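Listed here are the chains, written in short residue letters.
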Amino acid sequence: MHFTIQREALLKPLQLVAGVVERRQTLPVLSNVLLVVQGQQLSLTGTDLEVELVGRVQLEEPAEPGEITVPARKLMDICKSLPNDALIDIKVDEQKLLVKAGRSRFTLSTLPANDFPTVEEGPGSLTCTLEQSRLRRLIERTSFAMAQQDVRYYLNGMLLEVSTGTLRAVATDGHRLAMCSMSADIGQADRHQVIVPRKGILELARLLTEPDGTVSIVLGQHHIRATTGEFTFTSKLVDGKFPDYERVLPKGGDKLVLGDRQALREAFSRTAILSNEKYRGIRLQLAAGQLKIQANNPEQEEAEEEISVDYNGASLEIGFNVSYLLDVLGVMTTEQVRLILSDSNSSALLQEADNDDSSYVVMPMRL
């Protein structure tokens, strides 16, 4: 194997692929990246057995074909440290990878390509093509609500649900729920649900960088695969049953509050400074035309904000974890938001004022 490549052309796919590779590995080959040269194309593959990412680069010069695996992090650090306009010459010689650029020479250890595990491909049951920017928006609007390390392992990921003409993403950690839908050209009659693990979803969002580009998605029984011009991303699915999110959506809330998103966000942020650091609880007091936000902590410190809102129902007092409210306001983009409440023990429903494609549910706190 022997090829030359510009530093920039190699660094971009290498950084993304190295992001999948885990540093602490039981199998040494898993901290390596697989390099394959075929014809005029170089492909780089990284995997942690859950998620696999293949980046492809067209080579400008003729190259000798071959395949080998080398330490991902070291190769990336070498590329980063070279000058921007460097031309890198890479070849395999006696089971070592020789990297030359200008007056710099590096010799890296290798492992055979046959040792490199591939993510098994099952039959794809459903294929669709989506705009990258819209899929990225769908993920960004919901991924913050995924659980981190919950024993209910199916919450440590995101539900993707496909039905006729619609793709919906749902994430919940048991205290809050985020849901966003987008129209898509999908001819699937019955509902098809998959749970993509947390790491898979976050890696996928990182790849969707071309605003005008498209991505082809294949949902199999055990895998999701996403392909763009430069990358093929595969992730195992979580084997589990996602909670029935429609039962969680509050029904029949009779108290509708309309407020300025930025003003609410700033008021919540200021009040949060004096909330209890562990529970992050704040108290909302609603009365006609105004919302009072209060927080206190074990040191007997208090914060209070008053903000004008569009509300003319009965007065209500309810507590929330302020971090959950701030997360929701942080991903919304409209000027006005609406908050639908029923009583102090029921979850709140937050939506953008003039847009129903995203819904957020936050459970109340007893303060």
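Up top is the structure these notes are about.
If you're wondering where the values come from, they're calculated on a predicted model, not measured in any experiment. (Residues numbered from 1 in each chain as written. Predicted model: local features only at pLDDT ≥ 70, side-chain atom pairs only at ≥ 80, totals over all residues. Heavy atoms only, no water.)

Undergrad: In this structure, what is going on with the environment of Val170? I would like to understand it.
TA: As for its placement among the helices and strands, Val170 is situated in strand E11 (residues 166-172). Considering only alpha carbons, one finds Val170 and Arg191, 21 residues apart in sequence, at a separation of 14 Å. Those residues within four positions of Val170 in sequence are excluded, and the remaining contacts are Met158, Leu159, Leu177, Ala178, Met179, Phe242 and Tyr245. (Helix = DSSP H or I, 4+ residues; strand = E, 2+ residues; numbered from the N terminus. Contact = heavy atoms within 4.5 Å.)

Undergrad: What is the right way to read the sheet that holds strand E6 (residues 87-93) from this model?
TA: Consider a sheet: its strands pair through backbone hydrogen bonds, and that pairing is either parallel or antiparallel. Pairing is antiparallel across the open sheet formed by 4 strands, whose spatial order is E1-E6-E7-E8. Edge positions in the open sheet fall to strand E1 (2-6) and strand E8 (104-109), since each of these has one partner strand only. Ignoring strand direction, the axes of neighbouring strands in this sheet form an average angle of 20°. Where helix H1 (residues 7-20) meets the sheet, its contacts fall on E1 and E6, and the angle it forms with E1 comes to roughly 95°. (Pairing = 2+ DSSP bridges. Axes fitted to C-alpha atoms, helices over the stretch in contact; angles between N-to-C directions.)

Undergrad: Where do I start with the pairing of strand E20 (residues 302-308) in this structure?
TA: If a strand is regular, its side chains alternate between the two faces of the sheet. Burial along E20 is one-sided: Ala303, Glu305 and Ile307 are buried, and none of Glu302, Glu304, Glu306 and Ser308, which face the opposite way, are. Where strand E19 (residues 290-296) lies against E20, 7 bridges are found, and the strand directions are antiparallel. Bridge pairing in E20 links Ala295 to Ala303. Counting the residues that bridge the hairpin from E19 to E20 gives 5 residues, and of these Gln300 lies at a positive phi of roughly 65°. (Buried < 20%, exposed > 50% of the residue type's maximum accessible area, 1.4 Å probe, protein only.)

Undergrad: Would you take a moment to explain helix H2 (residues 72-81) for this structure?
TA: Note: α-helices contain 3.6 residues per turn, so residues at a spacing of three or four share the same orientation. Inspection of H2 places Ala72, Leu75, Met76, Ile78 and Cys79 among the buried residues, and these make up the whole buried set. Along the long axis of H2, the arc covered by the buried residues comes to 160°, so they all point the same way. The exposed residues of H2 that point more than 90 degrees off its buried face are Lys74 and Ser81. (Arc of directions from axis to C-beta.)

Purely geometric stuff here, so don't read any function into it on its own.
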